Amino acid sequence: MNTIVCTVNGKKHTVACEGSESLRALLVRLGYISVRDSDDCEGFAGSDTIILNDVPVYANLMLAAQADGSEIRTAEGLGTSRNLNVIQQAMIDAGIVQSAYNAPAAALLLTWLLERESNPTKAQIDQVLSGIFIRDTGYEHYYLAVKLAVERMQSGRYQSEIAPSFREELTYVGKAKGKIDGPQLVAGEASFVEDRVLPGYYSMVVLRSPYAHAYITSIDTSDASAMDGVLSIITHENCPDVFYMQAGQGNPEPSPHDRRLFNRKVRHVGDRVAAIVAETMEQAIAARDAIKVEYEVLKPVFTVEEAMAEGAPLVHNGLVEYRAGAPDDLEAYNKSADPRDGKVIYQFPLHGDIHHNIASAAHGHIGDVEKGFAEADAVVERTYQTSQIQCTPLEPHICYAKIDGGRLVVHASTQVPYHVRRIVAWVCQIPENKIRVIKERVGGGYGSKQDILVEDLVGYATWLTGKPILYRNTREEEFIANSTRHPMRVTVKMGAKKDGSITAVYMDVRANTGPYGNHCLTVPMNACSKTLPLLKCDNMKFDVITYYTNIPPTGAYQGYGAPKGSYGLMVCMAELADALGIDYYDMAMKNKVESGYMLEILKGLGEGREGTVVPVGSCGLEQALVEGAKMIKWGKKEKGEGADWKIGKGFAMIQQGSGLPGLDHSNAWAKLLTDGTFQIFSGGADLGTGLDTISAKMISETFCVPLELVTVTSGDTDSCTFDTGAYASSGTYFSGNASYLAAQDLKKNLLDEAAYQLGEAVEDLVLRAPGEVSSVKTGKTLSYAKLSHDALTGTGRGQVMGRASFTTNHNSIPYGAHFAQVAVNVRTGQVKVQKYYALQDAGTPINPELALCQMYGASLKSIGHTLYEQMILDEEGRCLNPTLAEYGVPMIADKPEDFKAVLIDVNDEVGPFGAKSISEIATNGAAPAIATAIHDAVGIWMRSWPFTPEKILKELGKIS
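Counting from 1, residues in each chain are numbered in the order their sequence is written. Totals for whole chains, interfaces and linings use every residue, but because this is a predicted model, local features are given only for residues with pLDDT of at least 70 and side-chain atom pairs only at 80 or more, for both listing and counting. To get the side-chain values, take all heavy atoms of the structure and skip hydrogens and water.

Q: Describe the packing of aromatic side chains, and please don't skip the residues or the numbers.
A: Only rings of Phe, Tyr and Trp enter the pairing, Trp through its six-membered ring, and a pair is recorded when the two centres are within 6.5 Å. The plane angle decides the type: under 30 degrees is stacked, over 60 is edge-to-face, the rest tilted. Per the stated rule, a full pass over the model turns up 25 aromatic pairs. On the numbers, 6.2 Å between centres and 40° between planes, the contact of Y585 with W634 is tilted. One end of the pair, Y585, is in helix α17 (residues 584-591); the other, W634, is in the loop between α18 (621-632) and β23 (645-655), with 49 residues separating them in the sequence. On the basis of relative accessible area, Y585 is assigned to the buried category, the value being 13%. Residues Y856 and F899 carry aromatic rings whose centres are separated by 4.9 Å and whose planes lie at 70° to one another, so their mutual orientation is edge-to-face. Linking Y856 in helix α22 (residues 848-867) with F899 in strand β33 (residues 898-904), this pair joins segments that are 43 residues apart in sequence. Summarising the burial analysis for this pair, Y856 and F899 share the class buried. Put simply, the rings of Y584, Y585, W634, F651 and F819 touch in pairs and so form one group of aromatic residues. Starting at the N terminus, helices and strands are each numbered in turn, a helix being any DSSP run of H or I of at least four residues and a strand any DSSP run of E of at least two. Each residue is assigned to one of three classes by its accessible area relative to the maximum for its type, calculated with a 1.4 Å probe on protein chains only: buried under 20%, partly exposed between the two thresholds, exposed over 50%.

Okay, structure coming up:
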């Protein structure tokens, strides 16, 4: 034990520390919680950045003892949420404080930079942020934040435009007003699950399978159970015999229930074998190492081709059950079932066949594709392959649960609090009223936190033991035991006439769902449903088949299948245009959809049921194409620097959805408080995207009051009403619409109460700033505060409230076009993205500054997927690159040299104040835009992502 003296943010500390304790651990112990860990002490993500003796360092890479006598600065020294410094405020105003897990570290570094440079250059900003990993906002607006801070320091105000403004008649909606939870996040104040943990908690660790495919033949926990501090060990022998699935989707789910908490059969390297709960983490790890397990190792399958081969090993070979729609031959089908494999339970038929490793399938068509191909002057058929990639949220999956008043309280970093409650209730076999789920701020989700990957186990262990339990994934566990993007093989056949008119399209999607069927139908379906409706074509057909394998688990990831389908469909169209000798852009303009076009193909693209055929509604696709082509100077050939560099341009049309019409459901309620301020309760789950700010703006806009007079409570299953969750781009459209309608209901009831108190007719009353009701007939006014006070007196009529529920069958589809200019080195195979322009129609962007940053973040993420991100497995199924540094993600030096996000102004007919979704669609453009740009540069077609230098050189014939 050492005693050290250090000064942190001007405060002197004399503290004892163990010789092995890291400086970050010491700082957190002292209460400086802004110093976070995203990479298990790897020194990559930068969430643990501090200033030590005026030098930026990673606190995780130093021992506490090394800080003896040091001066240390953390984000807590910059300002509080009620008194931010100039760069913290500028970061919020620029829209870059979103999931914000390492926003405090970025604010600290930029503050340090501005103390040295009064007007930093982009190169200096790049240098100081070079060790900070930003996944959500794509770096571009960090330059804007610094510029805003400089302007404010020099003149006392901002001079630069933060974001375009929309809807002149509105005050808050469509205007950059700042994110309401931005101050607490950028200041590093308590916001995340780890910040809610109370002293006296127990730690949990998981023993994981070293094999990709095996039966557990014996497991001996006797020595481990007898060790000091061990409270409980859970295995397949003593866990509930409940089969469920981890996808946070609608109920009944379009995913098979094909797992227990622990299975006798392990199906991937990293699969759960045992969970150990102990008083300390060290005790839990020691007990984990003492468990003895014997396995019967089986041959694994890793690819779609291996899974579909005749006689392939079966990933699942247990009993198959149906809750509805069981086939007549089910009894015969189950005769070969092995009880060691457990069960696969379908809530309704998904056309699965586990005897052939098929988890689900879907088929559909409109018109006659064979007739369409016969009418074509040219037909191309190509296959495009995508890789397995990780979501890499900065905050690993984490859960803290406790018993309070005989109920299970779960603090979760989740996109789907109500699905967490439902699934944990299933696993624990208790009613939902015994469970409260509190969604804390989410330090990055990107789809992976739509799945219930840790809450099921932590919830059960807490209910079983009665003790508070904390569990957090290691970064390696994020790779080997979490949801990832489904690898897919997409075959597209397309025919067209000489003038470029497409006559037929066929898509064959073969998806790899890994060991369990989370989202096994819906993700691959999105490869078709979010791409085929882009084209005006009377003859379309699709086949989607998803296979079980033994790769690490897959699940939801931002884009949800559409990036793969977009890659295949758009590149195939470009190849067809090339075969016809016509311009790819001209072909896109000829075949794109526009408002009013009837989307017949949607009939076959429902989630396990027939879809609804609707016309295209608001649509900014043509404007995005025209403006993007002008920005990139389409058709103008650029010359590279030197003989080795060749320049090319490409683009892609893209679309997504705004929630799931006919399936999603959102609710909200709002109330007027006694002093005339407001509170709104939304079931929606803000992931950092600004959904809570959208809810607040619904109230502010309706009642003419500033955002600071509105409090938003969300994601708490006790205080808020049901919402299906933040996935499928539903937040703005569904949760936002529920908040909008709740505000309108509150307005109706407030005006009714005002009419009663004033003795006026409702139709003569209007709402106006600074927060009052006014009569246009008599001039009488009534403040919200007095109205509320009088309504709540002994003779009043009660609190003024509003409530709403939102469902719809209407499709409000966001559209866009992404353009890229790349430089390809024909000697090394290197690809540089020189220009990237993302143009998107999001209806009315309610938070335009946040929307732009989400476009940048999703685009850069997909550039990483396209060029280098890939999980690499060895022949035994072990992930060889399970760290952020080995895996490789885009940092500030990797962003395009010229990077622009452009919001196309349309007004949707159904969205709240005309809004549609914004961020998920932005993942769909990079692969096809870059692939077509590479072809324009050097004449090769890249049909497998990532487009690594080795693949480039192989296609160029430089290597074999």
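Q: Hey, could you go over α17 for me, with residue numbers and the actual values?
A: For an α-helix the count is 3.6 residues per turn, leaving residues at separations of three or four pointing the same way. Within α17 the residues assigned to the buried category are Y584, Y585, M587, A588 and N591. Buried residues of α17, viewed axially, fall in a sector of 160°; they line one side. Residues of α17 that are buried in the fold lie against β20 (488-496), β21 (502-514), α16 (562-580), α18, β23 and α24 (926-938). By the criterion applied in these results, polar contacts are pairs of N or O atoms within 3.5 Å in which, for protein atoms, one can donate a hydrogen and the other can accept it, and in which residues neighboring in sequence qualify only through two side-chain atoms. Capping the start of α17, D583 holds a side-chain oxygen 2.7 Å from the backbone nitrogen of Y585, two or three residues further along. Arc, as used here, means the arc of the directions from the helix axis to the C-beta atoms. Here a residue-residue contact requires only that any non-hydrogen atoms of the pair lie within 4.5 Å.

Q: Which residues make up the nonpolar core, and what values do they have?
A: Buried Ala, Val, Leu, Ile, Met, Phe, Trp, Tyr and Cys residues that are joined via side-chain atoms within 4.5 Å together make up what is termed a nonpolar core. Residues M91, V505 and I934 are the most contacted members of the largest nonpolar core, which totals 188 residues. Apart from the residues within four sequence positions on either side, I934 is in contact with V822, V824, V831, G939, I940, M942, F947 and I952.

Q: Give a detailed account of the side chain of S682, specifying residues and quantitative values.
A: Looking at the secondary structure, you find S682 in strand β25 (residues 678-682). Since its relative accessible area comes to 1%, S682 is described here as buried. Ignoring any residue separated from it by four or fewer positions in sequence, one finds S682 in contact with N667, A668, S695, T713, S714, G715, C720 and S739.

Q: Give a description of the packing of α16 against α17 that names residues and reports values.
A: Only the stretch in contact is used when fitting a helix axis, every axis being a line fitted to C-alpha atoms; angles between N-to-C directions are given from 0 to 180 degrees. Two elements in contact, α16 and α17, have axes separated by 9 Å at closest approach and are oriented at 115°. Classified by the interaxial angle, the pair formed by α16 and α17 is roughly perpendicular. In this structure, the crossing between α16 and α17 has a hand that is right-handed. Contact residues: α16 offers M570, M573, A574, L576, A577 and L580, while α17 offers Y584, M587 and A588. Residues are grouped as follows: nonpolar covers Ala, Val, Leu, Ile, Met, Phe, Trp, Tyr, Cys and Pro; charged covers Asp, Glu, Lys and Arg; every other residue, Gly included, is treated as polar. Classifying every residue of the contact of α16 with α17 by side-chain character gives nine nonpolar, no polar and no charged. Working rule for angles: under 35 degrees goes down as roughly parallel, over 145 as roughly antiparallel, 65 to 115 as roughly perpendicular, anything else as oblique. Take the far helix as the reference: if the near one is turned anticlockwise from it by less than a right angle, the crossing is left-handed, and if turned clockwise, right-handed.

Q: Would you mind going over unusual backbone geometry in detail, with residue names and values included?
A: Note that the residue after A769, namely P770, is joined by a cis bond; omega there is 5°. Note that P770 resides in the loop between β27 (765-768) and β28 (772-775). The omega torsion across W945 and P946 is 0°, close enough to zero to call that bond cis. In this fold, P946 is placed in the loop between α24 and α25 (949-955). Of note in this structure, A100 is not a glycine but carries a positive phi near 65°. Structurally, the position occupied by A100 is in the loop between α2 (86-94) and α3 (103-114). In the Ramachandran plot, T392 falls in the positive-phi region, its phi being about 50° despite a non-glycine side chain. Residue T392 is classed as buried on the basis of its relative accessible area, which comes to 0%.

Q: With reference to specific residues and values, describe the pattern of salt bridges.
A: Here, a salt bridge means any side-chain nitrogen of Lys or Arg that lies within 4 Å of a carboxyl oxygen of Asp or Glu. Tallying each qualifying case throughout the model produces 51 salt bridges. We note a salt bridge from K449 to E395, for which the minimum N-O separation is 2.8 Å. Residue K449 is found in the loop between β18 (435-439) and α13 (455-465), and its partner E395 is found in the loop between β15 (378-385) and β16 (398-404); the two are separated by 54 residues along the sequence. E395 carries the same exposure label as K449, and that label is buried. For R827, the salt bridge identified is with D644, shortest N-O distance 3.1 Å. Of the two residues, R827 is situated in the loop between β31 (815-825) and β32 (831-841) and D644 in the loop between α18 and β23; the sequence distance between them amounts to 183 residues. Linked through salt bridges whose partners overlap, the residues forming this network are R36, E194, D195 and R472.

Q: Explain α16 to me, and be specific about the residues and the numbers.
A: For α16, built from 19 residues, the straight-helix expectation of 27 Å at 1.5 Å per residue is met to within 8% by its first-to-last C-alpha distance of 26 Å. Within α16, 17 of the 19 residues are buried, which leaves the element mostly enclosed by the surrounding structure. Once α16 finishes, G581 follows within two positions and takes phi at roughly 75°, a positive value. Helix span, as expected, comes to 1.5 Å for every residue beyond the first.

Q: Explain the layout of surface pockets to me, using residue names and the numbers behind them.
A: Empty space within the largest pocket amounts to approximately 1,500 Å³. Lining the largest pocket are 39 residues; nearest its centre among them are R24, A25, Y201, M281 and E282. Elements supplying a minimum of two residues to the lining of the largest pocket: β2 (11-17), α1 (23-29), β6 (202-208), α8 (281-290) and β19 (469-472). Cavity: a set of points on a 1 Å grid over the protein atoms alone where a 1.4 Å probe fits but cannot get out. Pocket: an open set with protein on both sides within 12 Å along at least five of seven lines, its lining residues, like those of a cavity, having an atom within 4 Å of a point. Grid points are joined across faces, edges and corners, and a volume is the space filled by probe spheres set on the points. Empty space within the second largest pocket amounts to approximately 640 Å³. Forming the walls of the second largest pocket are 27 residues, and the residues nearest its centre are K179, I180, D181, Q184 and V710. Among the secondary structure elements, those contributing two or more residues to the lining of the second largest pocket are α2, α6 (182-186), β18 and β26 (710-714). When residues in the lining of the second largest pocket are grouped by element, the largest group, five residues, is from β26. Looking at the lining of the second largest pocket, its residues break down into nine nonpolar, seven polar and 11 charged.

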